[in-house]
Amino acid sequence: MPSAPKWLFDTLEFLTPKLPSTEVVETVFLSKTVKKICFKGDLKNVQFAVGSFIDFRVNDTEARRYSVSYADTEKGLFEFVVYLNGKGCGSRLMADLKVGDHIVMYKPRGVSRYYDKTAQRFVIFGDETSLALACSFFPVLKKNKQQFVFIFELDEENKDVPKLLGLENCLIFPKNFLLSKEEWVSQLPTINISDWQDANFVLTGNVKSAQMFRKTIKEKVSANVYLHGYWLAGKKGL
Ligand SMILES: Cc1cc2nc3c(=O)[nH]c(=O)nc-3n(C[C@H](O)[C@H](O)[C@H](O)COP(=O)(O)OP(=O)(O)OC[C@H]3O[C@@H](n4cnc5c(N)ncnc54)[C@H](O)[C@@H]3O)c2cc1C
């Protein structure tokens with residue numbers, strides 16, 4: 001629920017479990033539009049799963065969702081990787097956060113269907129808004145010796161960001177390239193090599209790109225496909 005009347009958000013805020021006071025302890029610009037923000041707080045009894053996200057109440061009537069890219073509950077540290085789209089209140093809040101800021105945050109919520117421990121292969125597709133999700137998958141996939149490929153659509157200025165985040169096995173395409181050249185998706189090795197036909201596909205980021213990716217996959221393979229659009233052009237929040 002990205003937008004709601006103030007009384008409704010006030011009621012939800014009253015009823016929803018929150019993290020005890022959190023403080024920004026580090027911010028790093030990985031490019032002009034991608035920022036990593038590290039918070040410190042008391043994370044006792046807080047669970048973070050692959051793909052956990054937190055709803056930030058940006059103002060009286062708006063809330064926006066951001067994935068937790070990394071968490072160390074013992075040290076009380078957790079991080080976000082945010083895309084500064086320059087258009088919305090979420091982007092402005094994230095751009096403004098600086099070391100020493102304290103904010104009240106809801107507890108993380110998980111998406112249990114993203115990660116399947118028994119799956120052998122994963123294809124994770126998205127854009128800048130999916131980098132944090134990729135970071136949350138990466139150590140778990142490595143630890144459990146699962147095969148994976150990350151496919152990102154990124155602005156030119158962000159094409160080195162996956163490397164800066166330490167991600168491996170990345171295929172990087174220009175923004176909207178796959179959308180405009182639909183046939184390219186069907187050429188991707190991960191879709192055509194038989195071993196990958198039963199991979200788990202996790203499609204996030206731009207709704208239109210993720211839907212196009214799913215359409216092509218469904219025509220070619222009988223894979224498990226999880227689609228969770230993170231943003232839609234012209235629409236506030238999702
Ligand atoms: C479960 C979940 C997890 C998410 N995790 C992350 C995350 O880790 N990092 C992250 O950066 N984002 C993440 N997002 C996406 C983020 O919540 C949206 O991009 C959100 O719309 C940003 O809010 P805003 O207030 O800046 O813009 P809004 O007020 O929502 O939108 C204003 C305008 O900007 C456009 N817009 C929004 N996002 C983009 C974009 N990425 N590129 C171009 N135009 C855009 C909208 O279409 C609209 O026209 C996540 C979303 C979901 C649902």
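Our structure is the block above this text.
First, a word on scope: everything that follows refers to the structure included in this document. For every chain, the first residue of the written sequence is number 1, and numbering continues from 1 onward in sequence order. The predicted origin of the model limits local features to residues at a pLDDT of at least 70 and limits the giving and counting of side-chain atom pairs to 80 or more, whereas totals for whole chains, interfaces and linings rest on all residues. Heavy atoms throughout the structure, all of them, feed into the side-chain values; hydrogens and water do not.

### Notes on the overall build of the chain
In step 1: Check the secondary structure of the chain and you find eight helices and eleven strands.
In step 2: With C-alpha atoms as the basis for the radius of gyration, the globule rule is written as 2.2 Å multiplied by the number of residues raised to the power 0.38. Since a compact globule built from 238 residues should have a radius of gyration of about 18 Å, the 18 Å found for the chain is in line with a globular shape.
In step 3: Accessibility here uses a 1.4 Å probe with only protein chains present; expressed as a share of the type maximum, an area under 20% marks a residue as buried, one over 50% as exposed, and anything in between as partly exposed. Residue burial in the chain is summarised as follows: out of 238 residues, 49% are buried.
In step 4: Values of accessible area rely on a 1.4 Å probe in the Shrake-Rupley scheme; residue burial ignores everything except the protein chains shown. Of the roughly 12000 Å² of accessible surface on the chain, a fraction of 53% belongs to carbon and sulfur atoms.
In step 5: By the counting scheme adopted, Arg and Lys are positive, Glu and Asp are negative, and His together with the chain ends is not counted. The atoms used to mark charge sites are NZ of Lys, CZ of Arg, CG of Asp and CD of Glu. Averaging the positions of the 33 positive and the 27 negative side-chain charges in the chain gives two centres separated by 3 Å. Numbering goes from the N terminus for both helices and strands, where a helix is a DSSP run of H or I of at least four residues and a strand is a run of E of at least two.

### Quick word on the site of the ligand
In step 1: We define proximity as follows: a residue is near a molecule or strand when any one of its heavy atoms falls within 4 Å of that partner. Taken together, 25 residues lie near the ligand, and R64, R65, Y83, G90 and G237 sit nearest.
In step 2: Any N or O atom pair separated by 3.5 Å or less is treated as a polar contact, with the protein-specific requirement of one donor-capable and one acceptor-capable atom, and with residues adjacent in sequence counted only for side-chain atom pairs. Residue K87 places a side-chain N or O atom 3.2 Å away from a nitrogen atom belonging to the ligand.
In step 3: Residue C89 places a main-chain N or O atom 3.1 Å away from an oxygen atom belonging to the ligand.
In step 4: Contact with the protein chains covers 93% of the free accessible surface of the ligand, which is 930 Å².
In step 5: Each residue gets one label: Ala, Val, Leu, Ile, Met, Phe, Trp, Tyr, Cys and Pro are nonpolar, Asp, Glu, Lys and Arg are charged, and the others, such as Gly, are polar. Looking at the shell around the ligand residue by residue, the classes come out as eleven nonpolar, nine polar and five charged.
In step 6: Split by domain, the residues of the shell around the ligand number at least three in each of domain 1 (6–106) and domain 2 (121–231). Source of the domain bounds: an automatic or database domain assignment.

### With respect to unusual backbone geometry
Generally, phi is negative for residues other than glycine and the peptide bonds are trans, each holding for most cases.
In step 1: Phi at N45 takes a positive value of approximately 65°, unusual for a residue other than glycine.
In step 2: Tracing the chain through its elements places N45 in the loop between β2 (34–40) and β3 (53–59).
In step 3: Within the chain, K145 stands out as a residue other than glycine whose phi angle is a positive 50°.
In step 4: Along the polypeptide, K145 turns up in the loop between α3 (131–143) and β8 (147–154).
In step 5: Look at K145 and you get exposed, because its relative accessible area is 72%.

### Structural notes on the environment of K98
In step 1: As for its placement among the helices and strands, K98 is situated in the loop between α2 (89–96) and β6 (102–106).
In step 2: Counting along the chain gives 128 residues from K98 to Y226, while the straight-line C-alpha distance between them is 34 Å.
In step 3: When residues no more than four places from it in sequence are discounted, the contact partners of K98 are V24 and T27. Only heavy atoms enter the contact rule, under which two residues are in contact if any of them lie within 4.5 Å.

### Notes on the sheet that holds strand β4 (residues 62–72)
In step 1: Strands sit in the order β3-β4-β5-β2-β1-β6 across an open sheet of six strands; the sheet is antiparallel. Because the sheet does not close on itself, it has two edges, and the strands there are β3 and β6. The average undirected angle you get between the axes of adjacent strands in this sheet is 45°.
In step 2: Between any two strands, at least two bridges found by DSSP are needed for them to pair. Across six bridges, β3 lies against β4 in antiparallel orientation. Each residue of the ladder has a partner; that of I54, found in β4, is Y66. Inter-axis angles, ranging from 0 to 180 degrees, are taken between N-to-C directions of lines fitted to C-alpha atoms, where helices are fitted over the stretch in contact.

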